[in-house]
Amino acid sequence: MKEEELKEATLLAAKVRRDVLAMLQHRGYGHVGGSLSLVELMADLYTKQLRHDPANPRWEERDRIVLSKGHAGPVEYSVLAERGFFPKEWLMTLNDGGTRLPSHTDRLKTPGVDATTGSLGQGTSEAAGIAMALALKGSASYTYLIVGDGELNEGQCWEAFQFIAAKRLSNCIVFIDSNKKQLDGTIEEVLPAFDYVEKMRAFGFNTQKVDGQDIAAIDGAIEAAKQNKSSANCIVLDTIKGAGVPYFENAAANHSMKWNNEEINKATDEAIAALDAQIERGEA
Ligand SMILES: Cc1ncc(C[n+]2csc(CCOP(=O)(O)OP(=O)(O)O)c2C)c(N)n1
Ligand SMILES: [Mg+2]
């Protein structure tokens, strides 16, 4: 990854992180932890890796993103708004009645969203179908499937992975957001997962594991995956739930939080101010 690309992606990550915090604080509640863990992935995809056109969201030759952990809608909305798919003012309508930005992603409501998700597991099958259809058409487009580690409790994920691997869909890159936590506890407490790299390799995926908060590492892994034309790809992202803001990283229950006390509002205000300062420096 070139230095300018990393700089651009780092700046986008700061904007996306700020927007996620601002929209959730404005709404008063929402899925903060699993949105923040994906900021660096989204920043790399939308700066460098993803073929997309904000002026033409349904461009046939675009790459597809299936955010199977659809509750992380805020991170997808933030990056789409920053890239100009729709006005940034929409971010403040998250989950309002009649909004174009529902709490979980919906392909019929939001420009740039390719899959309707939220019922965990189902996006994996959607992505399998999309990647298969694109491969059959001889398309050069990639399908990026993003799943949560808690989501992997759903058996449907493993059915879809078996299909994606068996059909050698090298146009599909599966990202596992390994943030070690799910809704009501840690992965270890709820259902220990063993080793994702070993599991995905056993299924037939070309599998890598990287620091999921390191944009250059993510980018390098995607580049390597794109060199592989003989099997499906998986990148395990070693992430932190609530990443980038100590208050949210350290909160025990950081899946969906309420902005109903001084502490959370102060932590959010401070984080937004620090990110705004970083953005200003980056743009100077
Ligand atoms: C089929 C289904 N069961 C349960 C839920 C409720 N639910 C929403 S998010 C979540 C936890 C997901 O954990 P993980 O995939 O690790 O997400 P992240 O940590 O990235 O937020 C659960 C159980 C759901 N949305 N769908
Ligand atoms: Mg998780």
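Further up the page is the structure itself.
### Some points on the environment of Leu24
Mapped onto the fold, Leu24 is located in helix α1 (residues 3-27). Classification of Leu24 as buried rests on a relative accessible area of 0%. Distance from Leu24 to Glu8, taken between C-alpha atoms, is 24 Å for residues 16 residues apart in sequence. Sequence-distant contacts of Leu24, defined by excluding residues within four places in its chain, comprise Tyr29, Gly30, His31, Val32, Pro74, Leu94 and Trp259.

### Looking at the coordination of the magnesium ion (ligand 2)
Six octahedral donors around a metal ideally sit at 90 or 180 degrees from one another, while four tetrahedral donors ideally sit at 109.5 degrees. The magnesium ion (ligand 2) binds to the protein through Asp149 (OD), Asn179 (OD1) and Lys181 (O), with metal-donor distances spanning 2.0 to 2.1 Å. Look at where the donors of the magnesium ion (ligand 2) fall in the sequence and you get D-x29-N-x1-K. In this pair, Asp149 is assigned in the loop between β3 (143-148) and α6 (155-166) and Asn179 in the loop between β4 (172-178) and α7 (187-190), connecting sequence segments 30 residues apart.

### What to know about the site of ligand 1
With respect to spatial proximity, 18 residues lie near ligand 1, and among them Lys69, His71, Asp149, Gly150 and Lys241 are the closest. Within the side chain of Lys69, an N or O atom sits 2.6 Å from an oxygen atom of ligand 1. The separation between an oxygen atom of ligand 1 and a polar side-chain atom of His71 is 2.8 Å. Compared with its free state, where it exposes 590 Å², ligand 1 has 79% of that area covered by protein. Per-class residue counts for the shell around ligand 1 are two nonpolar, nine polar and seven charged.

### Some points on the sheet that holds β3
Each strand in a sheet pairs with its neighbour through backbone hydrogen bonds, running either in the same direction (parallel) or in the opposite one (antiparallel). With parallel pairing, the five strands of this open sheet are ordered in space as β2-β3-β4-β6-β5. Each edge of the open sheet carries a strand with a single partner, namely β2 (64-67) and β5 (206-211). For this sheet, the mean angle separating the axes of adjacent strands, direction not counted, is 20°. Pairing of β5 with strand β6 (residues 233-238) involves six bridges; the strand directions are parallel. Of the residues in β6, the one forming a bridge with Asn206 is Asn233.

Reading guide: rules and limits
- One numbering rule holds for all chains: residues counted from 1, following each sequence as written.
- Chains carry letters from A onward and ligands carry numbers from 1 onward, assigned in written order.
- Side-chain atom pairs in this predicted model are given and counted only at pLDDT of 80 or more, local residue features only at pLDDT of at least 70, and totals for whole chains, interfaces and linings cover all residues.
- Calculation of side-chain values draws on the structure's entire complement of heavy atoms; hydrogens and water are dropped beforehand.
- Helix numbers and strand numbers start at the N terminus; a helix is a DSSP run of H or I with at least 4 residues, a strand a run of E with at least 2.
- Exposure categories follow from relative accessible area, calculated using a 1.4 Å probe and restricted to protein chains: below 20% of the type maximum is buried, above 50% is exposed, and the middle band is partly exposed.
- The contact criterion used is simple: two residues touch if any of their non-hydrogen atoms lie within 4.5 Å.
- Coordinating donors are taken as N, O and S atoms within 2.8 Å of the metal, stretched to 3.2 Å for Na, K and Ca; because water is absent from the atoms, sites can appear incomplete.
- Whether a residue is near a molecule or strand depends on its heavy atoms: it is near if one of them lies within 4 Å of it.
- N or O atoms within 3.5 Å of each other form a polar contact, as long as, within protein, one can give a hydrogen and the other can take it, and as long as residues adjacent in sequence are counted only when both atoms are side-chain atoms.
- Per-residue and other accessible areas follow the Shrake-Rupley method at a 1.4 Å probe size, with only the shown protein chains counted as cover for residues.
- Residues are grouped as follows: nonpolar covers Ala, Val, Leu, Ile, Met, Phe, Trp, Tyr, Cys and Pro; charged covers Asp, Glu, Lys and Arg; every other residue, Gly included, is treated as polar.
- A strand pair is defined by DSSP finding two or more bridges across the two strands.
- Angles here are taken between N-to-C directions and fall from 0 to 180 degrees, while the axes themselves are lines fitted to C-alpha atoms, restricted in helices to the stretch in contact.

Read these as layout, nothing more, since geometry by itself doesn't imply function.
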